[in-house]
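# Per-entry structural report
Here is what each chain is made of, one letter per residue.
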Amino acid sequence: MRKLTYFIACSIDGFIGGPDGDASFMVRFADEEFLEFLKSEYPETLPTHGRRLLGIDDLPNKRFDTIVQGRASYDLALKEGITSPYAHLREYVASRTLTESPDPNVEIVSTDLIGRVRELKAEDSALDIYLCGGSVVAGELVDEIDELVIKTYPVILGTGMPMFASGFEMAEFVTDSVRTFGNGAVVRTYHRKR
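Below: a short report on this structure.

### A word on the layout of surface pockets
In this structure, the second largest pocket spans a volume of roughly 240 Å³. Lining the second largest pocket are Val142, Phe164, Ser166, Gly167, Phe168, Glu169, Met170, Ala171 and Phe173. Of the residues assigned to the lining of the second largest pocket, the class counts are 6 nonpolar, 2 polar and 1 charged.

### Some words on the packing of aromatic side chains
A complete count under the given rule lists 12 aromatic pairs for this structure. Taking 5.2 Å as the distance between ring centres and 70 degrees as the angle between the ring planes, the aromatic pair formed by Tyr6 and Phe164 counts as edge-to-face. With Tyr6 in strand β1 (residues 4-11) and Phe164 in the loop between β8 (161-162) and β9 (173-180), the pair connects residues that are 158 residues apart, well separated along the chain. Overall, Phe164 belongs to the partly exposed group, its relative accessible area being 25%. Aromatic pair Phe34 and Tyr153: ring centres 5.7 Å apart, planes at 65 degrees, arrangement edge-to-face. With Phe34 in helix α1 (residues 32-41) and Tyr153 in strand β7 (residues 147-153), this pair connects stretches of sequence that are 119 residues apart. Across this residue pair, the class does not change: Phe34 and Tyr153 are buried. Ring pairing ties together the aromatic residues Phe7, Phe29, Phe34, Phe37, Tyr42, Phe64, Tyr86, Tyr130, Tyr153 and Phe181, which thus form one cluster.

Rules used in this analysis
- Residues numbered from 1 in each chain as written.
- Predicted model: local features only at pLDDT ≥ 70, side-chain atom pairs only at ≥ 80, totals over all residues.
- Heavy atoms only, no water.
- 1 Å grid on protein atoms, 1.4 Å probe; cavity = no way out; pocket = protein on both sides within 12 Å on 5 of 7 lines; lining within 4 Å.
- Points joined across faces, edges and corners; volume = space filled by probe spheres on them.
- Nonpolar A, V, L, I, M, F, W, Y, C, P; charged D, E, K, R; others polar.
- Phe/Tyr/Trp six-rings, centres within 6.5 Å; stacked < 30°, edge-to-face > 60°.
- Helix = DSSP H or I, 4+ residues; strand = E, 2+ residues; numbered from the N terminus.
- Buried < 20%, exposed > 50% of the residue type's maximum accessible area, 1.4 Å probe, protein only.

Right, dumping it as structure tokens:
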């Protein structure tokens, strides 16, 4: 069974973006040390256009071969004219309003997201599934998430878009690793306690 991994960036107080969803303030933490970590450990989590700019488009996928993201996350790429932001992965976008995909590499999941993710998890593959965001999709899929990789940046927002937009229901995870960086970022990895 493949894992669904929520690989997400957030503030110290657990917000993945401001009240309007903007998370551009986090880009400044992508310094040389942090980018080297991403390139060596999670190269497929970098968007295709970013990989090309960094000259690492030829790096093989190490952890994931599939990405699931919400409409708001996908819209960030669409606003830049990019219809397949993770062309090096199989792309799924959860959306109840986007009825037709603007790209043949992107499948729109408009109904039964949980069922579709369970099908993806049941596939025979050595690589896992990357849940990119956003908040609403993570809230809907919280029971399907097997692993959390949380990139926490040293800022407090006070309010904004939470990591999970869902009702109260406790889910317990176990810490696997904690890594700190010179820029103040911390990457914590957890697996679900079942």
